[in-house]
Amino acid sequence: MDTVGLWSLVRFAHVAGAALWVGGQLALSLVILPLARRMLEPEARDRFTARAGRRFGILTGAVFLPVQLATGWAMAWHKGVTWASLAEPGYGRTLATKLALFVLVMLAAAGHGIAHSKGRTEMARTLAVVSLVGSLGVVLLATALPAT
């Protein structure tokens, strides 16, 4: 067994950040928010969901997103990825697809926050589902990439 080196730690931070981010979305969507909808009165439910969403958004912007971007960029640099190599079959195209989907997920997540703040509940819910499904797609594509 090889020792744990710098790039193992970078990859660990990338995978752990993704697991916390996607796992947080799943926990909120499948466990916490459905319980809040059933157990809380409408006013308390709205206050709770707004605060939970705001807190998760802050964690995403302050921790998850910077970790994902920094470690993802570092691993791409370490592997010698260039803009041109993203068009190459195999690793390049898979990574390009993952990056494009990640951008779409971020746009959906931002749109969710905007729609929620404007009281457009159905739009916010739709964008949350798009963000969650897209996030799972990013994780799926990540599993297709070889370790750096």
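Residues numbered from 1 in each chain as written. Predicted model: local features only at pLDDT ≥ 70, side-chain atom pairs only at ≥ 80, totals over all residues. Heavy atoms only, no water.

Participant: Break down a nonpolar patch on the surface for me, citing the residues and quoting the values.
Facilitator: On the surface, Leu30, Val31, Ile32, Leu35, Met39, Leu40 and Phe48 cluster together to form a nonpolar patch covering roughly 640 Å² of accessible area. The greatest single-element share of the nonpolar patch, amounting to five residues, is contributed by helix α1 (residues 6-39). Within the fold, Phe48 resides in helix α2 (residues 42-79). (Patch = residues over 30% accessible without salt bridge, like charges linked within 9 Å, V, L, I, M, F, W, Y side chains within 5 Å. Areas by Shrake-Rupley, 256 points an atom, 1.4 Å probe, with all protein chains shown as cover. Salt bridge = Lys/Arg side-chain N within 4 Å of Asp/Glu carboxyl O. Helix = DSSP H or I, 4+ residues; strand = E, 2+ residues; numbered from the N terminus.)

Participant: Would you mind going over the nonpolar core in detail, with residue names and values included?
Facilitator: Of all hydrophobic cores here, the largest spans eleven residues; its members are Trp21, Val22, Leu28, Leu33, Ala52, Phe56, Phe64, Phe102, Val105, Met106 and Val138. Of all the secondary structure elements, the ones that give two or more residues to this core are α1, α2 and α3 (91-117). For this core, the element with the highest residue contribution is α1, accounting for four residues. In this view, Val22 contacts Leu132, Ser135, Leu136 and Val139; residues no more than four positions away in its chain are not counted. (Core = buried A, V, L, I, M, F, W, Y, C linked by side-chain atoms within 4.5 Å. Buried < 20%, exposed > 50% of the residue type's maximum accessible area, 1.4 Å probe, protein only. Contact = heavy atoms within 4.5 Å.)

Participant: Could you give me a rundown of α1, with the residues and numbers involved?
Facilitator: Here α1 contains 34 residues, and its C-alpha end-to-end distance of 46 Å stays within 8% of the 50 Å for a straight helix at 1.5 Å per residue. Where the residues of α1 are buried, they touch α2, α3 and α4 (121-144). (Expected span 1.5 Å × (residues − 1).)

Participant: Got a sec to walk through α3? Specific residues and values, please.
Facilitator: Compared with an ideal rise of 1.5 Å per residue, which puts 27 residues at 39 Å, α3 spans 39 Å between its outermost C-alpha atoms and is within 8% of the ideal. For α3, the full list of buried residues reads Gly92, Leu95, Lys98, Phe102, Val105, Met106, Ala108, Gly111 and Ala115. In the core, the buried residues of α3 are packed alongside α1, α2 and α4. Where α3 ends, the next residue or the one after it, Gly119, has phi of about 75°, a positive value.

Participant: Give a description of the packing of α1 against α2 that names residues and reports values.
Facilitator: Two numbers describe how α1 lies on α2: the axes approach to 9 Å, and their chain directions differ by 160°. As far as their axial angle goes, α2 and α1 are roughly antiparallel. Read as a crossing pair, α1 and α2 show a hand that is left-handed. (Axes fitted to C-alpha atoms, helices over the stretch in contact; angles between N-to-C directions. Parallel < 35°, antiparallel > 145°, perpendicular 65-115°, else oblique. Left-handed = near helix turned anticlockwise from the far one by under 90°.)

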